[in-house]
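Coordinate inspection notes
Here are the chains, one letter per residue:
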Amino acid sequence: MHAGAFRLPKAELHVHVEGTFEPELIFEIAERNGVQLPFPSVDALRRAYEFTDLQSFLNLYYAAMTVLQTERDFAELAHAYLGRAREQGVVHAEIFFDPQAHTSRGVRFETVIDGLWSAVRDSERLYGISSKLIMCFLRDASAESAMATLEAALPYGERIVAVGLDSAELGHPPSKFRRVFERALAAGWKTVAHAGEEGPPAYVWEALDALRVSRVDHGVRSLEDPQLVARLRDERIPLTVCPLSNVKLRVVDRLEDHPLRRMLESGLVVTVNSDDPAYFGGYVGENFASVAQALDLAPGALALLARNSFEASFIDAPTRAAYLARVDRAEVGA
Ligand code: ADE
Ligand code: ZN
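Here's what I pulled together on the structure shown here. In every chain, residue numbers begin from 1 and rise along the written sequence. For naming, the first written chain is A and the first written ligand is 1, with later ones following in the order written. Where local features are concerned, this predicted model is filtered to residues with pLDDT of at least 70; where side-chain atom pairs are given and counted, the filter is 80 or more; whole-chain, interface and lining totals use all residues. Only hydrogens and water are removed before side-chain values are computed, so all heavy atoms of the structure are retained for them.

Observations regarding the coordination of the zinc ion (ligand 2)
Definition in use: Water is absent from the atoms considered, so a metal site may look incomplete; donors are defined as N, O and S atoms within 2.8 Å of the metal, or 3.2 Å for Na, K and Ca. Tetrahedral means four donors with every angle between 85 and 135 degrees, whereas square planar (four donors) and octahedral (six donors) require angles over 155 degrees between opposite donors and between 65 and 115 for all others; sites fitting neither are termed irregular. The way it works is that DSSP assigns letters per residue, a run of H or I at least four long becomes a helix, a run of E at least two long becomes a strand, and they are numbered from the N terminus. Partly exposed describes any residue whose relative accessible area lies between the buried limit of under 20% and the exposed limit of over 50%, with all areas from a 1.4 Å probe on protein chains only and scaled to the type maximum.
Those donors, H14 (NE2), H16 (NE2), H194 (NE2) and D275 (OD), are the protein atoms that reach the zinc ion (ligand 2), and they lie 2.0 to 2.2 Å from it. Each of the four donor atoms bound to the zinc ion (ligand 2) contributes to angles spanning 85 to 174°, and the resulting shape is irregular. Linear spacing of the donor residues for the zinc ion (ligand 2) on their chain is H-x1-H-x177-H-x80-D. Here the residue H16 occupies a position in strand β1 (residues 10–16), and H194 occupies one in strand β5 (residues 190–195), the gap between them amounting to 178 residues. For the pair H16 and H194, one class covers both residues: buried.

See below:
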């Protein structure tokens, strides 16, 4: 594999902590919590990772995470991700979590945030990675449920940098959450949203106009709308693209067909991320290496992707400058 792709210092901006839940850890925590999984073994579970679209993945993703019950479980999940991320050249991570997927089955919001926070708080010291949490609302749940989740999170405002929107996209346009996001912005949080993964360019417009997002998660279908491309380019709205995810969820047929190269050539601020790496066959280093090979990206393009990741991140200006200097010093060649 392309060693430079792994060594390159990078920020990961689109990773669902529940999507980093590796089968071995799923089984270990299930056993500890006395939960019976509908799969006889780790290998049998892994063999089920064949998806036809986003929903077919989400069904398994939500089922597996039901074994997460205690603060320790959430802490172990986040620690496991950070340990792996370090091996992939990640020096900064902005990590999504889905509180409603846990509170809806009786886990307290505090349990989730305290567990995740215990890892995020110490990530610099333990892993050499600065990290932040982004709380996502499930777009296939109601706006009322999202608002209640926002209220539960307000006392923990300092632990969360932004709110996001994920889960089943089609039929759940961003505008459904306009009021929730207005409230989040008023509370001082930044906003991001999944849009243009399976959904149409109109959803990306709504994410920009109704949710006032700082970044668009995925956004690959934006290329279907030249006016949207012009806006994203002119306003330098970053897109957090997840190439291996797009192949696994059949957004594109093959990595060789991925629009990432065209997105870069259109002047978009593209970043490369892993989305749900335990399910999609690779962490962020593998995503960099795979697209570099499939799309024949030059070392300069990989360095640009790394620079973009820091430009797009929610870090302060001195930290950003320090990370960009690390990219400039890095050896990118194969
Ligand atoms: N939740 C976890 N992964 C997701 C994805 N790729 N799209 C939407 N929601 C998600
Ligand atoms: Zn995602």
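On we go from here.
Some words on the site of ligand 1
Just so we agree on the cut-off: We define proximity as follows: a residue is near a molecule or strand when any one of its heavy atoms falls within 4 Å of that partner. Under this definition, polar contacts are N or O atom pairs within 3.5 Å; protein pairs additionally need one hydrogen-donor-capable and one acceptor-capable atom, and for neighbouring residues in sequence, both atoms have to be side-chain atoms. The Shrake-Rupley method, run with a 1.4 Å probe sphere, supplies the accessible areas, and residue values consider only the shown protein chains as cover. Charged residues are taken to be Asp, Glu, Lys and Arg, nonpolar residues to be Ala, Val, Leu, Ile, Met, Phe, Trp, Tyr, Cys and Pro, and polar residues to be all remaining types, Gly included.
Around ligand 1, the structure places H16, L54, F57, L58, Y61, D166, S167, H194, E197, H218, D275 and D276. The contact in question runs from a nitrogen atom of ligand 1 to an N or O atom on the side chain of E197, over 2.8 Å. Note that a nitrogen atom of ligand 1 is positioned 2.7 Å from one of the side-chain N or O atoms of D276. If ligand 1 stood free it would expose 260 Å²; the protein chains cover 100% of that surface. If one sorts the elements of the shell around ligand 1 by residue count, helix α4 (residues 54–64) sits on top with four residues. Residues belonging to the shell around ligand 1 are distributed by class as follows: four nonpolar, four polar and four charged.

Some thoughts on the side chain of T240
For the record, the criterion: Any pair of residues with heavy atoms lying within 4.5 Å of one another is described as a contacting pair.
Tracing the chain through its elements places T240 in strand β7 (residues 239–241). In this structure T240 comes out as buried when scored by relative accessible area, which is 0%. The residues touching T240, leaving out its near neighbours within four places in the chain, are L13, H14, R215, V216, D217, H218, T271 and N273.

Here we look at the pairing of β5
For clarity, the threshold we go by: At least two bridges found by DSSP between two strands is the condition for calling them paired. Crossovers are marked right-handed if the path from the first strand over the helix to the second runs clockwise, as seen with the strands pointing away from the viewer.
The element β5 is largely enclosed, with a buried count of five among its six residues. Strand direction decides the pairing type here: strand β4 (residues 160–166) and β5, joined by two bridges, are parallel. From the neighbouring strand, A162 faces β5, where its bridge partner is K190. Read from β4 through helix α10 (residues 178–186) to β5, the crossover connection turns out right-handed. Note: β5 against strand β6 (residues 215–218), four bridges, orientation parallel. Bridge pairing links V192 to R215 in β6. Tracing the backbone out of β5, into helix α11 (residues 201–209) and back to the parallel element β6 gives a crossover that is right-handed.

A look at the state of the cysteines
Keep this limit in mind: The rule for a disulfide is simple: a pair of cysteine sulfur atoms within 2.5 Å.
If you walk through the whole model with that rule in mind, you get zero disulfides. Not engaged in a disulfide, the cysteine C136 finds its nearest cysteine sulfur in C242; these two sulfurs lie 12 Å apart. Here C136 falls in the buried class, since its relative accessible area comes to 0%. On the basis of relative accessible area, C242 is assigned to the buried category, the value being 0%.

Topic: unusual backbone geometry
Positive phi outside glycine occurs at R236, with the angle close to 50°. Its location among the elements puts R236 in the loop between α12 (226–234) and β7. Look at R236 and you get partly exposed, because its relative accessible area is 42%. Here the phi dihedral of D296 falls at roughly 55°; this positive angle occurs in a residue that is not glycine. Positionally, D296 belongs in the loop between α16 (284–294) and α17 (299–311).

Overview of the pairing of strand β3 (residues 130–138)
For β3, a buried count of eight out of nine residues is recorded, marking the element as mostly surrounded by other parts of the structure. The pairing of strand β2 (residues 90–97) with β3 spans six bridges and is parallel. Bridge assignment links F97 to a residue of β3, and that residue is M135. Bridge count between β3 and β4: six bridges; the pairing is parallel. Each residue of the ladder has a partner; that of L138, found in β4, is D166. In this fold, β3 hands off to helix α9 (residues 143–153), which returns the chain to β4; that crossover is right-handed.

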